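Chain residues, written in single-letter form:
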Amino acid sequence: MSRYNLIDESWIPVRFPDGTRAELGLREALLRAKDIAVIEDPSPLVVASLHRFLLAVLYRALEGPTDIDQARTWFKSGLPAEKIATYLERWRERFWLFDEKYPFGQISDFEPKTWRAWTVLAAEHNADNAKVLFDHIDVTRPDAVPASATVRWMLATQTFSVSAGKSELSHTGTAPSATAAMALPLGRNLEDTLLLSLVPQNRAVFSQDLPIWERSAESSASLKSGIERAIGGFADRYTWRTRSIRLRRNETGNVNSLAFASGVENTSKDGIDPMLAYRVDKDKGRLPIQFKERGLWRDFDSLLPDDARLAPSVIEHVAALTRFARDRFPRSIMVLGQFNNKAKIEYWRMERFALPQALLGDRSTHIRTEIRQLLTDAEETQKALWQACRRFARDLLSRGEREPDGKDVGKFVEQMSASARYWSRLEAAFHDMLHHYTRERDPDDIRLDWLKSVRAALRDAWAQHAASVSTGDAWAIRALVRAEGAVGKQLKTLNEEIQKYESRRKPTEETA
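Residues numbered from 1 in each chain as written. Predicted model: local features only at pLDDT ≥ 70, side-chain atom pairs only at ≥ 80, totals over all residues. Heavy atoms only, no water.

Broken down by element type, the chain carries 14 helices and 14 strands. Compactness check: the chain gives a C-alpha radius of gyration of 26 Å against a globular reference of 24 Å for 512 residues, within 12% of the reference. Counting only C-alpha atoms, the chain reaches 80 × 60 × 45 Å along its principal axes. Looking at the chain residue by residue over its 512 residues, the buried ones come to 54%. For the chain, long-range pairs separated by at least 24 residues make up 71% of all intrachain contacts whose partners lie at least 6 apart in sequence. If you sum the accessible surface of the chain, you get close to 23800 Å²; carbon and sulfur atoms cover 48% of it. A gap of 2 Å separates the mean positions of the 76 positive and 72 negative side-chain charges of the chain. (Helix = DSSP H or I, 4+ residues; strand = E, 2+ residues; numbered from the N terminus. Rg over C-alpha atoms; globule rule 2.2 N^0.38 Å. Buried < 20%, exposed > 50% of the residue type's maximum accessible area, 1.4 Å probe, protein only. Contact = heavy atoms within 4.5 Å. Areas by Shrake-Rupley, 256 points an atom, 1.4 Å probe, with all protein chains shown as cover. Lys, Arg positive; Asp, Glu negative; His and termini not counted. Charge placed at Lys NZ, Arg CZ, Asp CG, Glu CD.)

Structure, rendered in structure tokens:
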């Protein structure tokens, strides 16, 4: 018997403008999207996956947009409610989470050798590859969980699973965009957020762009022998069957165990994901931008459009939609994803940035270059700080008698706090700078302010280090004096650059 239809049941977590929270069904979330502030969940992976799921539904319900003109029409008039409601009724039978023939997102005839705990779906509870500190759930004896949480984790699993190299079905790889940083422009409400990411797709693609619920589910036998195919389009990509799943519920309707194995192999490895930024590797070609330990803000320019067309398509779409509707330019851009070491998940992350309003002006194609220059200023200055730290470590360890081992010097530098303090202070300054990147603000003024921030961060980082060793022995003081030459040289360079910009600004101010 069919149970728990995603169209009607409450499972999508949202927050309204007044701060209240609720869980809504698929129909209500889409038809009330204008009244909803954001989708909100503790897991960034769930948040990203829910947006991609809703976008896939919209692509199929609207059969578009097929060009920017159609996208602008919907952006002006709102989501076509009747089309959405009609589509959901048409495919209602494919949205039952528990069903003998078509359980949503599952393989109905999959009888596993071993039934797994539901925790395998949730990155924050999966002890196979991402056991989290302070997570006390016993994966061998977990309690059953509600269907609402299960379906959210199931969508996240299909979007972010990484290859583990083992499966009782034919082994397939990682989800198409599992290890990339996904960009999501945030509009004034959920409807705007979805429309801003509804990137046009060629009309010919739509006939082949089928999401998982419009496809005939693969049999466990075919999956065991191995299935591979190319991605048909955005809706297909956003709902890709990375893993074969079958849920098992108890008498209360909660999920207590499941079948879990590999799914369908993706053969279109070079396909474009609208939410991803890319870089070009001289050997491997186009590769998606990923999270790093150092923070995505230091690669923020990769999110901005230029002639190379490597930025996320959703950001280019934002500029096209809001150029003549500036009051609906996104409040910010959210970047979500995870970082893995092969099959092990190291961390997942959600970062938020102001999107430079100058993208709507005449300099739109130059913004990326300008911000890259600011980040280069910071990187070059950090090199000087690193050189000073390394000189200090080398002289302190040598005690004037020997050349210390390079590994020992490296380990000493790693435990010094100077670089971490430098980047921490600059990160706050960078977020502040993005708010000033308006159409009216002179880019030279922005760079002048930024150079002053870089100079202040360098001074502060080195001063704090100097204070920490000022009461040390003679060897430490001597090492400090010898090392600070690199910092002094960089401060001189920054002062000269700052003076150039200030001299350009001064005549204008005097005239005014």
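Turning our eyes to something else, we now look at the pattern of salt bridges. Where charged atoms from two side chains of opposite charge approach closely, those side chains can pair. For the structure shown, the criterion picks out 39 salt bridges. Taking the shortest distance from any N to any O, the salt bridge between Glu40 and Arg15 comes out at 2.8 Å. Here Glu40, found in the loop between strand E4 (38-39) and helix H2 (44-62), pairs with Arg15, found in strand E2 (residues 12-15); they are 25 residues apart in sequence, far enough to count as distant. What makes Glu40 partly exposed here is its relative accessible area of 27%. The residue Asp192 makes a salt bridge to Arg188 at a minimum N-O spacing of 3.2 Å. (Salt bridge = Lys/Arg side-chain N within 4 Å of Asp/Glu carboxyl O.)

For the rest of this paragraph, the subject is the confidence of the model for the chain. On average, residues of the chain score 91 in pLDDT, and 94% of them are at 70 or above. Note on residues 132-136: pLDDT is under 50 here. Beyond four places in sequence and across chains, it has five contacts. (pLDDT = per-residue confidence, 0-100.)

Moving on, we come to the pairing of strand E14 (residues 344-353). As a general feature of sheets, a regular strand has side chains that alternate between the two faces. Sheet topology places strand E13 (residues 332-341) next to E14; nine bridges connect them, and they run antiparallel. In the strand pairing of E14, Asn340 is matched with Ile345. (Pairing = 2+ DSSP bridges.)

A few words on unusual backbone geometry. In the segment running from Gly64 into Pro65, the intervening peptide bond is cis, with an omega of 10 degrees. In the Ramachandran plot, Tyr4 falls in the positive-phi region, its phi being about 60 degrees despite a non-glycine side chain. Looking at where Tyr4 falls in the secondary structure, it is placed in strand E1 (residues 3-5). Positive phi values are uncommon outside glycine, yet Arg309 reaches one of about 60 degrees. Relative to the helices and strands, Arg309 resides in the loop between strand E12 (285-288) and helix H9 (313-322). On the accessibility criterion, Arg309 (58% relative accessible area) is exposed.

Moving on to the environment of Arg372. Of note, Arg372 is situated in helix H10 (residues 367-398). A sequence separation of 85 residues divides Arg372 from Leu287, and the C-alpha atoms of the two residues are 19 Å apart. Contact partners of Arg372, with chain neighbours within four places excluded, come to Arg298, Asp299, Asp301 and Glu379.

Take the packing of H10 against helix H13 (residues 443-469) next. The geometry of H10 relative to H13 is characterised by a closest axis approach of 10 Å and an angle of 15 degrees between their N-to-C directions. In terms of their interaxial angle, H10 and H13 are classed as roughly parallel. H10 and H13 meet at a crossing whose hand is right-handed. In this structure, H10 contributes Glu370, Gln373, Leu374, Leu375, Asp377, Ala378, Thr381, Leu385, Ala388, Cys389 and Phe392 to the contact, and H13 contributes Pro443, Ile446, Arg447, Trp450, Leu451, Val454, Leu458, Ala461, Trp462, His465 and Val469. Considering only residue class, the contact of H10 with H13 consists of 16 nonpolar, three polar and three charged. (Axes fitted to C-alpha atoms, helices over the stretch in contact; angles between N-to-C directions. Parallel < 35°, antiparallel > 145°, perpendicular 65-115°, else oblique. Left-handed = near helix turned anticlockwise from the far one by under 90°. Nonpolar A, V, L, I, M, F, W, Y, C, P; charged D, E, K, R; others polar.)

To continue, consider the pairing of strand E3 (residues 21-24). Sheet topology note: the E2/E3 ladder contains four bridges and is antiparallel. Bridge assignment links Pro13 to a residue of E3, and that residue is Glu23. Counting the residues between successive antiparallel strands, the hairpin from E2 to E3 contains five residues, one of them, Gly19, with a positive phi of roughly 95 degrees.

The next point concerns the sheet that holds E4. Sheet architecture is open: three strands sit in the order E3-E2-E4, paired in antiparallel fashion. Each end of this open sheet is capped by a strand with a single partner; those strands are E3 and E4.

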